[in-house]
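Structural overview
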Amino acid sequence: MNSFSMSNSKSLMLFSGRAYPELAETIGKYLDVSVTPQSAYDFANGEIFVRFEESVRGSDAFLIQSCGPPINTWVMETLIMIDALKRASAKRITVVLPFYPYARQDKKHRGREPISARLVADLIKTAGAQRLMTVDLHTDQIQGFFDGPVDHLWAQPLLSGYIAGKYFGDDLTVVSPDSGRVRTAERWADRLGGAPIAFIHKTRDPDQPNQVVANRVVGDVRGRTCIVVDDMIDTGSTIAKAVGEVLAAGATKVVVAATHGVLSDPAARRLSGCGADEVVLTDTLRIPPEHRFPQLTELSVAPLIGRAIREVFADGSVTSLFDA
């Protein structure tokens, strides 16, 4: 016999980092796939060890890691897990980062600065990943940093659908917390049936991160329900000041909507006391109990990511998930 044939079937396997295993478990339930068991621990000096407890040879591996604090630990763990999958002969490795780490460092503002978002993409590719999946990047250009397919998922339909349903009948205005997010506000406005938009004119001190000076509201917000939108909330300074400016300009109600709840201290205190009626976030990042507050509403991105994983595994269309 000078040849032989074999009937191969594709095998989807899910893997989870330790940053937010609950999200991976929820995605696994949506897909009816169990997360692959593994041994993962830290040595006394901080080194990370990972070993998968089942064979991954020939699998279509999806590694889910949500890089919250301590972000550098989880980035390193992700790279080690990719390397372990590569050396264990996984056929294809897709890294699923619901929150892309270092996304705000996507360009040089001044000389002698890094472009850390590009560095992260290079590290992921060099470690052995063939594909990247993420949700609501800080800027679209980050897709071009990764040398391979990038599935950029949008949480905006999930968030805007919730807002449209709950605040149906209100006179809505979409508010960008700064001029740089006006395009995002325009997409929100389209989703909300052509609602008008406004933005906060502000200045930022380039030498002081997370420090914002809000100036004035540009646009009509008086007597309206205002939806302040952003991609992430870190310390809450930008959003809290934006809410205050909008209320001072005559808004009757303010709702905050963002994809990524980083919520570094003192974000919870700022958001709970800024005057917003509701703060709507997704669960791309784990929000610990001490960072929760009464106005917080959390929406799950697990079905969105699960559908995207299914399409990638079946060689289908991820773009079709967002066709209106």
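Whatever comes next refers back to the structure up there.
Notes on the structure in this doc start here. (Residues numbered from 1 in each chain as written. Predicted model: local features only at pLDDT ≥ 70, side-chain atom pairs only at ≥ 80, totals over all residues. Heavy atoms only, no water.)

Observations concerning the packing of aromatic side chains
Note the following rule: We call Phe, Tyr and Trp rings a pair once their centres come within 6.5 Å, taking the six-membered ring for Trp, and we label the pair stacked below 30 degrees between planes, edge-to-face above 60, and tilted otherwise. Between buried and exposed lies partly exposed: a residue is buried under 20% and exposed over 50% of the maximum accessible area for its type, with that area taken using a 1.4 Å probe on protein chains only. Each ring is checked for a lysine NZ or an arginine CZ that lies within 6 Å of its centre and within 35 degrees of its normal; such an atom marks a charge sitting over the ring.
Using the criterion set out here, one finds four aromatic pairs in the structure. Arranged with centres 5.6 Å apart and planes meeting at 75°, the rings of Y41 and F43 form a pair that is edge-to-face. Since its relative accessible area comes to 38%, Y41 is described here as partly exposed. Taken together, the ring pairs connect Y41, F43 and F49 into an aromatic cluster. Over the ring of F313 we find K10; its NZ or CZ atom is 4.8 Å from the centre of that ring.

Some thoughts on the packing of helix α1 (residues 21-31) against helix α8 (residues 302-313)
Going by this rule: Only the stretch in contact is used when a helix axis is fitted, and all axes are lines through C-alpha atoms; the angle between N-to-C directions ranges over 0 to 180 degrees. Each helix corresponds to a stretch of at least 4 residues labelled H or I by DSSP, and each strand to a stretch of at least 2 residues labelled E; elements are numbered beginning at the N terminus. Reported orientations rely on four angle classes, namely roughly parallel under 35 degrees, roughly antiparallel over 145, roughly perpendicular from 65 to 115, and oblique for the rest. Each helix crossing is assigned a hand: it is left-handed if the near helix lies turned anticlockwise from the far helix by less than a right angle, otherwise right-handed if that turn is clockwise. Note on definitions: a residue-residue contact is assigned when non-hydrogen atoms from the two residues lie within 4.5 Å. Residues were grouped as follows: Ala, Val, Leu, Ile, Met, Phe, Trp, Tyr, Cys and Pro as nonpolar; Asp, Glu, Lys and Arg as charged; and all remaining residues, including Gly, as polar.
Where α1 meets α8, the axes come as close as 9 Å, and the angle between the chain directions of the two elements is 55°. Classified by the interaxial angle, the pair formed by α1 and α8 is oblique. The interaxial crossing formed by α1 with α8 has right-handed handedness. Between α1, through L23, T26, I27, Y30 and L31, and α8, the contact on the second element is made entirely by A302, P303, I305, G306, R307, I309 and R310. A class-by-class count of the residues in the contact of α1 with α8 yields eight nonpolar, two polar and two charged.

A few points about the nonpolar core
Selection criterion: Remark: nonpolar core denotes a set of buried residues (Ala, Val, Leu, Ile, Met, Phe, Trp, Tyr, Cys) joined through side-chain atoms within 4.5 Å.
Core analysis: the biggest nonpolar cluster contains 35 residues, and F15, F52, I82, L85, Y100 and I124 have the highest contact counts within it. Put simply, the parts of the chain that give this core at least two residues each are β1 (12-16), β3 (48-52), β4 (60-64), α2 (71-87), β5 (92-97) and α3 (116-127). Excluding residues within four positions of it along the chain, Y100 makes contact with A117, V120, A121, L132, T134, L137 and I142. Counting residues in each nonpolar core, the second largest holds 28 residues, with A198, V221, C226 and I287 among its members.

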